[in-house]
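Coordinate inspection notes
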Amino acid sequence: MPNPCRFLPFLLILAILPSTPLFAEETIALHALDLEHMSSGWGRPVVGKSIENKPLTLNGEVYTDGVGTHALSILHVELDGRVQEFTALVGVDDETEGKGSIEVKITGDQAVLFESGPIRGGDPAIPIAIELEGVKRLVLIATGSQDGIGYDHVDWVQAQFTYTGEPPKAIPAPSLPPEEKIILTPKPGPEPKINGPSLYGCRPDRPFLYRIPCTGTRPISFAVENLPKSLQLDPHTGILTGHTPEAKGEYLLTLHAQSAHGSYSRTLKLVVGDTLALTPPMGWNHWYSFYDRISHILFREAADAMIESGMADFGYQYVNIDDCWMRKRETEDPMLQGEPRTADGTILTNSHFPDMKDLTDHIHGKGLKAGIYTSPGPWTCAGYTGSYQHEAQDAKTFAAWGFDFLKYDWCSYTSVAGGNSLDHLIQPYRLMGEILEQLDRDIIYNLCQYGMGDVWTWAGSIGGHCWRTTGDLGLQAGDLLPGFYHIGLSNAQHAAYAKPGQWNDPDYILIGSVGDAHKQDAPPIPTALTPNEQYSYMSMWSLMAAPLIYSGDIRHLDEFTLNILCNAEVIEVNQDPLGKQAAIVRHGDDTLILAKPLEDGSLSVGLFNLAEAERTLSVTWPELGLGAVKRVRDVWRQMDEPGHVQKLEVRIPRHGVKMVRIWPAEE
Ligand code: GAL
């Protein structure tokens, strides 16, 4: 038997040094991890070189140790709590010659540990040093900044982990279990219920068309009290036609709908004056599903589908043609070829649109409205005839064809602008604004120039009714969050500029079956957005008083997509007559809270969970600027929710939303 005393000195040493680590601290370079798991928006990550295989160079400094990749680039690393620190330098490689801009974000177990803000080409390398004690999972994310991912060559240099024991390990991005498509919107009943805005702006003595949006089993018979003499109602369809009154003023109509299942009445205020689009326009646009694959047949089918799907019963009314209806320059396609204009300068459609007036007649016959598209430049973005030097003539043609909405897209205008001052940016839009105002037809004016020159600060004053605040949503890169959140967050900054007749436009709603803007030849396919992301999208757009223009394949709408697009109470928030855009109450820490004051004194609030896992979010009444509260209603479920005291505190799934309407207690 060994003498235990022989071990005593050794045991004593262990007892004296109980905290001595069993393993020494070591370091491992980022590039030594398995970079098979690192994604790259272009090409594959390169060890020791830039994404273009050149020496890693940041602000003139050359590095041998690092990784070159391209935004959007994501790497998941398993640390299992054994890593003390991550240090690195990050930047945009000099090979872009000053172009490109990125943002780097690092999360650890869902919490944001580092955010770089925008880093541009040519900027000095940004140092990163983050403590990781106890963190189990790290995610390194390099995204494009505001301007998309062009030239976003990301260099991670001198990047290393300090650890003890097992080294950290790059792992594949965890795949999430598919979310169940839970339908929250209650089905409308068989009894009639009139939806749509409570007020409608038009100019005096102009053609008038309005289909009363009404759910319920048809046949429904309609009646209108106090209808101005110049207007007529078709009692079977609920379509109002005629001419607006000659005298400016407010006309308070009462709409009635009656069927075997019940009856419903409500008021509609016709505001005959100078302002159109008193509530955000609602409709459909072909771009993100069909691109240049269009003909008049598609728009006839779209109008039919808007009625048959029930969308029109919730207030959707514009059927809008985007780019590609004109003749195309430099094309072999006989359907698109030919002189762009007649000898007198009248713009010509391509052969897919043999008779525009006949097309708008079809759309109008259903009580819906028609939209068209052109550019102030000589060519549209897709290379078709633009309106440069034919602005007034084209606007008159559009009015004569019967269009009610114009999207005016900058595209090639840079080539003729003659400069890039603010005045140069405004000039073409001012010109078209003046022209549209002179027409004897009400045409909604939608500016599309991607937010240049802070368009929200001046577009309303030159006749614009809505203006795109960003680049194309369909081209917006996502990161952990899909692109619409980034567009939405950017659009949310301009809340102060929205009001009746003047709306910030964050682009279309891309859900359901929808095309890919990067692969325009491909047919529409089901959206990659999760069900919760779709609820968030529609909630965000509704709270932001954004135009609600769907751009998926309207002819093939499934039940879940219709549940997102057609919730009367969500749409009511969007169409509220006070016309305020939601303010940002809180943003950060993977939470976004938007609040939109409504005309009846209530407040609609969206709590968005931007994190990668379900969590509890809460907001107090004082944070929302509220005192006592008498009623809280979940607008998606259309149910009152008693029991929220002093605050709203709810579990919200990954990338999901809780959208409510809160009524303050009377004083
Ligand atoms: C883009 C515009 C898109 C779409 C496209 C057509 O400039 O932002 O919404 O209209 O042109 O070519």
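None of the values given here were measured: they were computed from a predicted structure. (Residues numbered from 1 in each chain as written. Predicted model: local features only at pLDDT ≥ 70, side-chain atom pairs only at ≥ 80, totals over all residues. Heavy atoms only, no water.)

Brief notes about the packing of aromatic side chains
Scanning all chains against the criterion turns up 25 aromatic pairs. Plain terms: the ring middles of Trp-410 and Tyr-413 are 5.0 Å apart, the flat faces sit at 70 degrees to each other, and that makes the pair edge-to-face. The exposure classification of Trp-410 matches that of Tyr-413, with both residues buried. These aromatic residues form a ring-pair network of at least three members: Tyr-408, Trp-410, Tyr-413, Tyr-429 and Tyr-445. The residue whose ring lies beneath Lys-99 is Tyr-151, and the NZ or CZ to ring-centre distance is 4.8 Å. Residue placement shows Arg-631 over the ring face of Trp-663; its charged tip is 4.1 Å from the ring centre. (Phe/Tyr/Trp six-rings, centres within 6.5 Å; stacked < 30°, edge-to-face > 60°. Buried < 20%, exposed > 50% of the residue type's maximum accessible area, 1.4 Å probe, protein only. Lys NZ or Arg CZ within 6 Å of the ring centre and 35° of its normal.)

A word on the site of the ligand
Neighbouring the ligand are Trp-287, Asp-322, Asp-323, Tyr-373, Cys-381, Ala-382, Lys-407, Asp-409, Cys-448, Tyr-450, Arg-468 and Asp-472. With respect to the ligand, the side chain of Lys-407 contributes an N or O atom lying 2.8 Å from an oxygen atom. Here an oxygen atom of the ligand sits 3.1 Å away from a polar atom, N or O, in the side chain of Arg-468. When the ligand is considered free in solution it has 300 Å² of accessible area, and contact with the protein chains removes 94% of it. Of the residues that constitute the shell around the ligand, the class distribution is six nonpolar, no polar and six charged. (Near = heavy atom within 4 Å. Polar contact = N/O pair within 3.5 Å; in protein donor to acceptor, adjacent residues only side chain to side chain. Areas by Shrake-Rupley, 256 points an atom, 1.4 Å probe, with all protein chains shown as cover. Nonpolar A, V, L, I, M, F, W, Y, C, P; charged D, E, K, R; others polar.)

Overview of the environment of Pro-376
With respect to the secondary-structure elements, Pro-376 resides in the loop between β25 (369–374) and α5 (391–401). Take Pro-376: its relative accessible area is 1%, and that puts it in the buried class. Separated by 317 residues in the primary sequence, Pro-376 and Asn-59 place their C-alpha atoms 40 Å from one another. (Helix = DSSP H or I, 4+ residues; strand = E, 2+ residues; numbered from the N terminus.)

Comments concerning the pattern of salt bridges
Considering all chains together, one arrives at 35 salt bridges under this definition. Lys-407 is the partner of Asp-322 in a salt bridge, and the nearest nitrogen-oxygen pair spans 2.6 Å. Here the residue Asp-322 occupies a position in the loop between β24 (318–320) and α4 (356–365), and Lys-407 occupies one in strand β26 (residues 405–409), the gap between them amounting to 85 residues. Using a relative accessible area of 3% as the deciding quantity, one classes Asp-322 as buried. On the basis of relative accessibility, which here comes to 6%, the residue Lys-407 falls in the buried class. Between Arg-555 and Asp-553 there is a salt bridge, and its shortest N-O distance comes to 3.1 Å. For Arg-555, a relative accessible area of 33% puts it in the partly exposed group. Given the relative accessible area of 4%, Asp-553 is considered buried. A single network of salt bridges, built from pairs that share partners, joins Glu-569, Arg-631, Arg-633 and Asp-640. (Salt bridge = Lys/Arg side-chain N within 4 Å of Asp/Glu carboxyl O.)

Considering the nonpolar core
Nonpolar side chains in soluble globular proteins tend to end up buried together. With 106 residues, the main nonpolar core has Trp-284, Tyr-316, Trp-325 and Trp-541 as its most contacted residues. Excluding residues within four positions of it along the chain, Tyr-316 makes contact with Met-282, Gly-283, Met-306, Met-311, Leu-368, Met-538, Leu-548, Leu-565, Cys-566 and Ile-571. (Core = buried A, V, L, I, M, F, W, Y, C linked by side-chain atoms within 4.5 Å. Contact = heavy atoms within 4.5 Å.)

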